[in-house]
Amino acid sequence: MKRSLTASALAVALAFGVVALAAPVTYQVDTAHSNVAFAVPILGGLAKVRGKFTDFNVEIVYDEADVTKSSVKAVIKAASIDTGIEKRDAHLRNPDFFEVEKYPEITFTSASVEKRGQAYVARGPFTMHGVSKEIELPFTINGVRRNPQTGATTLGFSSRITINRRDYGINFSRQDNPDFLGDQIEIELDLVTRPAGGTQPPQQQQQRPPQQPQPSPTPAKP
């Protein structure tokens, strides 16, 4: 009987462990330590203007056991563009460029995620300036840090991709200098995550096997 109870407890513990390891974890991006940036070539490629978006939200569902069950959803507020020069930023917000009052958000939602070699690719629609096109967004996982006290996991992600602004209807050019502003926009994403809601990821929780029943103590003889 004791062997049967021990075997049952072990089976239950293993079952709990498999479920825990297989469970995907939802992460929110720590915006205070993340960066959504871009670089635009100017003067025929003699230099680049760099900027970033300061208001964004990214949710990542990551399944370590099966990456195909992972997903990415990103929302960027176009009006938060920041190149360090307010007059230029105001121009970028108007109809010559992002037309932020009409198209307030830039979005990406993955339809699939897969691993290719040591890197990963998220495929799905990218929408900017009212135009949606399916893209492949390559990304890497830079590292994993686990809090030894809570078991909470922090992941770091990076992605680099180049898009053509004219594919999204952003066609502005200077008549006096048509080569002043380039078309190929380099996007740089460097993201630090935290578990959504500050909860401990399921696969990091320590599963305890059920306690075996303890025999009643033998009464002392008078």
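Preceding this paragraph is the structure being described.
What comes next concerns the included structure.

In terms of nonpolar packing, the biggest core is built from 44 residues, with Phe53, Val58, Phe98, Ile106, Phe126 and Met128 touching the most fellow members. For Met128, the residues in contact, after removing those within four places along its chain, are Phe98, Ile106, Ile163, Tyr168 and Ile170.

Taken as a whole, the largest pocket spans an internal volume of roughly 860 Å³. Contributing to the lining of the largest pocket are 43 residues, with Phe38, Phe53, Phe98, Ile185 and Ile187 lying nearest its centre.

A few words on the environment of Val36. Position of Val36 among the secondary structure elements: in strand E2 (residues 35-42). Spatially, the C-alpha atom of Val36 lies 9.8 Å from that of Ser159, the residues being 123 residues apart in sequence. Each residue touching Val36, except ones within four places of it in the same chain, is listed here: Gly51, Lys52, Phe53, Phe56, Ile76, Glu188, Leu189 and Leu191.

With a phi angle near 50°, Glu99 is a residue other than glycine that sits in the positive phi range. Within the secondary structure, Glu99 is located in the loop between helix H2 (86-93) and strand E7 (105-109). One non-glycine residue, His129, lies in the positive phi region at around 55°. By secondary structure assignment, the location of His129 is in the loop between strand E9 (119-128) and strand E10 (131-146).

Evaluated as defined, the whole model comprises 13 salt bridges. Two residues, Asp30 and Arg194, come together in a salt bridge whose shortest N-O distance is 3.8 Å. Here Arg194 lies in strand E12 (residues 184-195) and Asp30 lies in the loop between strand E1 (25-29) and E2, a separation of 164 residues in the sequence. Owing to a relative accessible area of 41%, Arg194 belongs among the partly exposed residues under this scheme.

Taken together, the 2 bridges between E7 and E9 define a ladder with antiparallel strand orientation. Within E9, the position partnered with Phe108 by the bridge is Phe126. With 5 bridges joining them, strand E8 (residues 112-116) and E9 adopt antiparallel strand pairing. Residue pairing for E9: Arg116 is matched across the bridge by Ala119. Counting the residues in the hairpin turn of E8 and E9 gives 2 residues, including Gly117, whose phi is positive at 65°.

Another point: the environment of Val49. As for its position among the elements, Val49 is in strand E3 (residues 47-53). Residues Val49 and Phe38 lie 11 residues apart in sequence; the distance between their C-alpha atoms is 8.4 Å.

Note that Ile60 resides in strand E4 (residues 56-62). Residues Ile60 and Arg194, 134 residues apart in the sequence, show an inter-C-alpha distance of 9.8 Å. Discounting residues that sit within four places of it in the chain, Ile60 has contacts with Val25, Thr26, Tyr27, Ser71, Phe157 and Thr193.

Bringing empty space enclosed by the protein into the picture now. Counted according to the given criterion, the structure contains 1 cavity of 30 Å³ or more. Counted as a void, the largest cavity has a volume near 40 Å³. Lining the largest cavity are Ile60, Val61, Tyr62, Val67, Ser70, Ser71, Val72, Val113, Phe139 and Phe157. Within the residue set of the lining of the largest cavity, elements represented by two or more residues are E4 and strand E5 (71-77). The biggest single contributor to the lining of the largest cavity is E4, with 3 residues. Taken together, the residues of the lining of the largest cavity break down into 8 nonpolar, 2 polar and no charged.

Side chains Val72, Ala74 and Ile76 project from E5 onto a buried face, and the interleaved Ser71, Lys73, Val75 and Lys77 project onto a face without burial. Here E4 runs beside E5; their pairing, made up of 6 bridges, is antiparallel. Residue Asn57 lies in a different strand from E5, and its bridge partner there is Val75. As paired strands, E5 and E7 are joined by 5 bridges and run antiparallel to one another. Bridging from a neighbouring strand, Lys73 pairs with Thr109 of E7.

Reading the values: rules and limits
Residues numbered from 1 in each chain as written. Predicted model: local features only at pLDDT ≥ 70, side-chain atom pairs only at ≥ 80, totals over all residues. Heavy atoms only, no water. Core = buried A, V, L, I, M, F, W, Y, C linked by side-chain atoms within 4.5 Å. Buried < 20%, exposed > 50% of the residue type's maximum accessible area, 1.4 Å probe, protein only. Contact = heavy atoms within 4.5 Å. 1 Å grid on protein atoms, 1.4 Å probe; cavity = no way out; pocket = protein on both sides within 12 Å on 5 of 7 lines; lining within 4 Å. Points joined across faces, edges and corners; volume = space filled by probe spheres on them. Helix = DSSP H or I, 4+ residues; strand = E, 2+ residues; numbered from the N terminus. Salt bridge = Lys/Arg side-chain N within 4 Å of Asp/Glu carboxyl O. Pairing = 2+ DSSP bridges. Nonpolar A, V, L, I, M, F, W, Y, C, P; charged D, E, K, R; others polar.

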